[in-house]
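If you want the building blocks of each chain, they are given just below.
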Amino acid sequence: MLSPSLASAGPRSSCEPAIRVEGLTVKYPGRKRPALVRVSFSVQPGELVLVLGPSGCGKSTLALCLNGVIPHAIAATMEGRVRVVGLDTRQVPLSRLSEKVGVVFQDPEAQFCLLTVEEEVAFGLENLGVPPDEMPGRIAAALELIGLAELRERRIDRLSGGQKQRLALACVLAMGPEILVLDEPTAHLDPQAAAELFATLARLKAAGRHTIVVIEHRLDDLMPLVDRVLLFGPEGRLLAEGAPRELFAAYRQELDRFGIWIPQVTELAFRLAEAGVEIDRLPLTVEEAAETLAPRLGRARRHWPHMVDPPERQPAVEVRRLSYRYPSGPQALREVSLLIPEGSFFALVGPNGAGKSTLALHLVGVLEPPPEAVWLLGRPLRAYGRQELPRVASYVFQNPEHQFLTSTVHDEVAFGLRAQGIADREVETRVRAALEEFGLAALALAHPFTLSQGEKRRLSVATALVLRPRLLILDEPTFGQDRRTTALIMTRLRELVRSGGTVVAITHDLRLVAEEASAASVLVAGRVAFAGPVAELLGSAPLLRQAGLVPPPLVRLGRRLAEWADGLPPLSTVEHYLVALGAER
Amino acid sequence: MSQGVYVETGSSLHRLNPLTKFVLVIPTTLILTLVVDIAVPALFSLFFLLALLTLGRVPASRLGRALLPFLPVGIGLLWTTAAFYQTRMAETPTVALELGPFQLTWPGIVYAVSIVLRVLAIYASSLLFLLTTHPTDFVLALVQQCRLPVRLGYGVMAAYRFVPLLSAELAQIRAAHRVRGVPEGGGLLAAPRRLLGYAIPLLASGIRRAQQVAVAMDARALGAQPRRTFYRRLRFSRSDLAFLLAYASFTVIVLTLLVWMGLPARLDVFSGPTMRR
């Protein structure tokens, strides 16, 4: 499985590997197929290994095997052998293993049980029976290491998501492990918090005391730290391992096919190469991409093809000085005024709790706006009847499960159509077409809750789009989705916009904003901090910071390149680069 | 994000061992069920409410809000007890008020007030516990002092963290169902079906999260070692002793006064009340 050219580029040592996995097969009771199949690999001390694979390929199962939760605490059958720092996980008790291997999980809300930061860090030490007088020192050291020393006595429910994840890291660090396993640690974080977590990882890696295994799909900021990549296939088999550059190049097709995210600059390089731009070294980071592309700038186009502004259309949505306070809570919206042009893809961004969802819920009448505050397609929202509104405006929630009402995928899609009193035969045709479009035809009779994450998301978008709404609002449509589902949904949304519909996306995903949206608004603490063209938003670092965002990799790359080539317009999407580097097909 | 009635002020009442505050409810309830009188429950109510305001530094507004649920209970109790009071032979039923078929007599009103005050005093004693004790601290005390199994105790604490998350999620599910055109109102048949519709996604995510927490706790060796240590020991300190002594002396003084005023007959469970002259 390991081709010689892909052999490790990471630090080597002749001593015992930190992790040695041999022929590991894991099967959960009641499942037909095993989660992992004959997996073998090893990790050297001090290495940072990135685990990639499609969702459901057993990555999380692997994490649980590394610290002995499988087979000690979870009833799963395990064959083969896992050795961590020389200890066979099957033979050594969990208490001993948890001093060797620490795991950080993805949901910051599901890792704690105590009140304050210091008590939570102490929890693991208590479990190990560490004498209480040793604890303050170890707690302080762990918090120092991840930069939370000042929050030692803070209540956990007052921490941000990013702080919670770093706390989770501190909790395992205090137990003194040599191996750290992070299972999608940034999945629930906004881009700024994710960047901070990666910075913390970089410090840990530089200190060189830990061997680190990361399961992750936000790769751009992580790549500088990665020594080696393990690539899993959909059936829980280890497909390949090797240095990232070589692996990405050799397994590009598999990565595409399984919908696995790769660094955005790497993806850009693939696209440029296809279009005939010479790429001598596949870049993994913004810095590398800048070095690779700078010599190509000689031919770069300085004259940006001028985009013709879309003709003035009536606003799909007009919000006039809308304020809202939750009955028992804070002021969520303060005098928000906003125009969303019809036929546009509009992005609504801002930090968590800024009022984005509150605003969006007013646009579909779930929260009832004051009489003249919200206008939809030229009419006050309040003038729409109860039956009429769902035909005009649809809303896709962040968690698809929240919207499911029926017991089959087919009925789920049909539900809204039937509610509108559409004839059965037409319902049938439209449902079938929608299931086909979203790749759900084979699952028509499945229960919505049994679908995979990506299928659930596709179903929730399908239930909204089948109604052919004039306005579609989506809350974090790309959250937790692989490349395939994201691409499929974006294609469908683009079709809606092309046919004159309006899409409003609430999102932290700036790549989505850069590639799809024409205009955006930033909401901060219930006020509109910005409304205007996306290019302007991407160009303003202070604005992005206010919104809890960081400039996406392709924007950062564009800025670096502009240092070499005066007059280079701001580049933010693959399309821009294709045009700028004269590689327009 | 406020959760339950707990008021965080970090006062000396907050720092008492949760069990100290918890056990006080028991003798208080016992004494008050035995004594039928106006002064005793009034003094006990005052004791607890003043302790909350001064020692506990609980703002009067928060205390007021916590007392609010008592209002309908108190009024209802007052009315039914007074209205359905059976006059005793020894008493002269002076009619105080006549409302249609109901005759309110003075002995009845006095008896009703004493009953309401009694319930108020017991309620106030539990407020002393509830307003100044974080549930997590209470469970921790049960684990440390009452040998509550560690896995159960920490499981309860982790579950408690989910309460605000679940209510936020319920709000989202309701909104999501409304967007899809499920009406909020509806008759007797629609309501249970709608609630079932909310329950399924709520349960699904609740179970998922509970599993994740359980795995996270296992990964940090919860219960893996038979002997576990505690970073923060909830001990019975001197202030616990002081508070218990204060409570005991207060009780003794009140009861002595009661006896001194020649009223041992008032320690009376089965017969009805007598009137103070």
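Residues numbered from 1 in each chain as written. Chains lettered and ligands numbered in written order. Predicted model: local features only at pLDDT ≥ 70, side-chain atom pairs only at ≥ 80, totals over all residues. Heavy atoms only, no water.

Side note on the overall build of chain B
Summing up its helical and strand segments, chain B has 10 helices and 2 strands in all. Written out in order from the N terminus, the α and β elements of chain B read α-α-α-α-α-β-β-α-α-α-α-α. Classification of the 277 residues of chain B by burial places 42% in the buried group. For chain B, the proportion of contacts with a sequence separation of at least 24, taken over those separated by at least 6, is 74%. When the accessible surface of chain B is split by element, carbon and sulfur atoms take 70% of a total near 15,100 Å². (Helix = DSSP H or I, 4+ residues; strand = E, 2+ residues; numbered from the N terminus. Buried < 20%, exposed > 50% of the residue type's maximum accessible area, 1.4 Å probe, protein only. Contact = heavy atoms within 4.5 Å. Areas by Shrake-Rupley, 256 points an atom, 1.4 Å probe, with all protein chains shown as cover.)

Description of the domain arrangement of chain A
Segmentation of chain A into domains returns domain 1 (4-250) and domain 2 (315-525). A C-alpha centroid distance of 36 Å is found between domain 1 of chain A and domain 2 of chain A. (Domains from an automatic or database assignment.)

With respect to the environment of A:Val21
Within the secondary structure layout, A:Val21 lies in strand E1 (residues 19-27). Separated by 60 residues in the primary sequence, A:Val21 and A:Arg81 place their C-alpha atoms 5.9 Å from one another.

Structural notes on the environment of A:Glu47
All names here are of chain A. Among the secondary structure elements, Glu-47 is positioned in the loop between strand E2 (36-43) and strand E3 (48-52). A sequence separation of 161 residues divides Glu-47 from Gly-208, and the C-alpha atoms of the two residues are 8.5 Å apart. A polar contact is formed between the side chain of Glu-47 and the backbone nitrogen of Gln-44, at a distance of 2.8 Å. (Polar contact = N/O pair within 3.5 Å; in protein donor to acceptor, adjacent residues only side chain to side chain.)

Things to note about the domain arrangement of chain B
Segmenting chain B into domains produces domain 1 (12-133 + 236-266) and domain 2 (147-219). Its C-alpha centre places domain 1 of chain B at a distance of 37 Å from the equivalent point of domain 2 of chain B.

Concerning unusual backbone geometry
Residues and elements named next belong to chain A. For the peptide bond that leads from Ile-70 to Pro-71, omega is 10 degrees, which places it in the cis range. Residue placement: Pro-71 occurs in helix H2 (residues 69-72). Although it is not a glycine, Glu-335 adopts a positive phi angle of roughly 45 degrees. Position of Glu-335 relative to the elements: it lies in strand E12 (residues 331-341). For Glu-335, a relative accessible area of 46% gives the class partly exposed.

Let's talk about empty space enclosed by the protein
Tallying each qualifying case throughout the model produces 6 cavities of 30 Å³ or more. In this structure, the largest cavity occupies an estimated 60 Å³ of space. Along its surface, the largest cavity is lined by A:Leu114, A:Glu119, A:Ala122, A:Glu126, B:Leu140, B:Gln144, B:Tyr154, B:Phe230, B:Tyr231 and B:Arg232. Listed by contribution, the elements that provide at least two residues to the lining of the largest cavity are helix H4 (117-128) of chain A together with helix H7 (135-145) of chain B. Looking at the lining of the largest cavity element by element, the count peaks at 3 residues for H4(A). Its residues assigned to classes, the lining of the largest cavity comprises 6 nonpolar, 1 polar and 3 charged. (1 Å grid on protein atoms, 1.4 Å probe; cavity = no way out; pocket = protein on both sides within 12 Å on 5 of 7 lines; lining within 4 Å. Points joined across faces, edges and corners; volume = space filled by probe spheres on them. Nonpolar A, V, L, I, M, F, W, Y, C, P; charged D, E, K, R; others polar.)

Some thoughts on the interface of chain A and chain B
The interface of chain A with chain B comprises 60 residues on the first partner and 46 residues on the second. When chain A packs against chain B, close to 4,500 Å² is buried across both sides, 59% of that on carbon and sulfur atoms. Run the count over chain A and chain B and you get 7 salt bridges. Across the pair A:Arg155 and B:Glu8 runs a salt bridge, and its minimum N-O distance is 2.7 Å. Run the count over chain A and chain B and you get 22 residue pairs in polar contact (both at pLDDT 80 or more). Put simply, the parts of the chain that give the side of chain A that touches chain B at least two residues each are helix H3 (94-97), H4, helix H5 (135-146), helix H6 (161-174), helix H14 (409-419) and helix H16 (453-465) of chain A. Examining the composition of the side of chain A that touches chain B, we find that 10 residues originate from one element, H4(A), more than from any other. Considered class by class, the residues forming the side of chain A that touches chain B number 34 nonpolar, 13 polar and 13 charged. (Buried area = accessible area lost by both parts, 1.4 Å probe. Salt bridge = Lys/Arg side-chain N within 4 Å of Asp/Glu carboxyl O.)

Here we look at the pairing of strand E6 (residues 101-104) of chain A
All names here are of chain A. Going residue by residue along E6, you find Val-101 and Val-103 tucked away on one face and Gly-102 and Val-104 tucked away on the opposite face as well. One ladder, built from 4 bridges, connects E6 with strand E7 (residues 179-183); its direction is parallel. Paired with Val-101 across the strands is Ile-179, a residue of E7. (Pairing = 2+ DSSP bridges.)

Some words on the packing of H5(A) against H6(A)
Residues and elements named next belong to chain A. Two elements in contact, H5 and H6, have axes separated by 9 Å at closest approach and are oriented at 135 degrees. Judged by the inter-axis angle, H5 sits oblique to H6. As H5 packs across H6, the resulting crossing turns out to be right-handed. Facing H5, whose interface residues are Arg-138, Ala-142, Leu-143, Leu-145 and Ile-146, H6 presents Arg-166, Leu-167, Leu-169, Ala-170, Leu-173 and Ala-174. Per-class residue counts for the contact of H5 with H6 are 9 nonpolar, no polar and 2 charged. (Axes fitted to C-alpha atoms, helices over the stretch in contact; angles between N-to-C directions. Parallel < 35°, antiparallel > 145°, perpendicular 65-115°, else oblique. Left-handed = near helix turned anticlockwise from the far one by under 90°.)

Looking at the packing of aromatic side chains
Residue and element names in this part refer to chain B. Counted according to the given criterion, the structure contains 15 aromatic pairs over all chains. A centroid spacing of 5.3 Å and a plane angle of 80 degrees characterise the contact between Phe-47 and Phe-48, whose relative ring orientation is edge-to-face. Centre to centre, the rings of Phe-47 and Phe-250 are 4.4 Å apart; their planes meet at 20 degrees, and the pair counts as stacked. Here Phe-250 lies in helix H10 (residues 238-260) and Phe-47 lies in helix H3 (residues 39-53), a separation of 203 residues in the sequence. (Phe/Tyr/Trp six-rings, centres within 6.5 Å; stacked < 30°, edge-to-face > 60°.)

Side note on H14(A)
All names here are of chain A. Listing the buried residues of H14 in full gives Val-409, His-410, Glu-412, Val-413, Ala-414, Gly-416 and Leu-417. Next to the buried residues of H14 lie helix H15 (424-437) and H16. Gly-421 sits one or two residues past H14 and shows a positive phi near 75 degrees.

Quick look at the nonpolar core
The nonpolar side chains of soluble globular proteins are, as a tendency, buried together. Of all hydrophobic cores here, the largest spans 61 residues; its most connected members are A:Ile19, A:Leu24, A:Phe41, A:Phe232 and B:Tyr154. By size, the runner-up hydrophobic cluster in this structure holds 58 residues, among which are A:Val104, A:Leu167, A:Leu173 and A:Ile262. (Core = buried A, V, L, I, M, F, W, Y, C linked by side-chain atoms within 4.5 Å.)

Comments concerning the sheet that holds E2(A)
Residues and elements named next belong to chain A. Reading across the sheet, the 4 strands line up as E2-E1-E4-E5 and stay open at both edges, with antiparallel pairing between neighbours. At either margin of the open sheet sits one strand with a lone partner, and together these are E2 and strand E5 (87-88). When E1 meets strand E4 (residues 77-84), the two strands line up antiparallel, connected through 7 bridges. By the bridge assignment for E4, Glu-22 is matched with Arg-81. Helix H1 (residues 59-66) contacts E1, E2 and E4 of the sheet and is inclined by roughly 120 degrees relative to E1.

Focus: helix H21 (residues 553-564) of chain A
Residues and elements named next belong to chain A. In this model, H21 (12 residues) spans 17 Å end to end at C-alpha, consistent with the 16 Å of a helix rising 1.5 Å per residue. Restricting attention to buried positions, one finds in H21 the residues Pro-553, Leu-554, Val-555, Leu-557, Gly-558 and Leu-561. Check the buried side of H21 and you find it contacts helix H10 (264-274), helix H11 (286-293), helix H19 (534-539) and helix H22 (574-580). (Expected span 1.5 Å × (residues − 1).)

So, the environment of A:Val286
Residue and element names in this part refer to chain A. Note on placement: Val-286 falls in helix H11. The buried category is assigned to Val-286, whose relative accessible area is 11%. Sequence separation between Val-286 and Asp-221 is 65 residues, and the spatial gap between their C-alpha atoms is 8.8 Å. In contact with Val-286, not counting residues within four places along its chain, are Val-265, Pro-553, Arg-556, Leu-557 and Arg-560.

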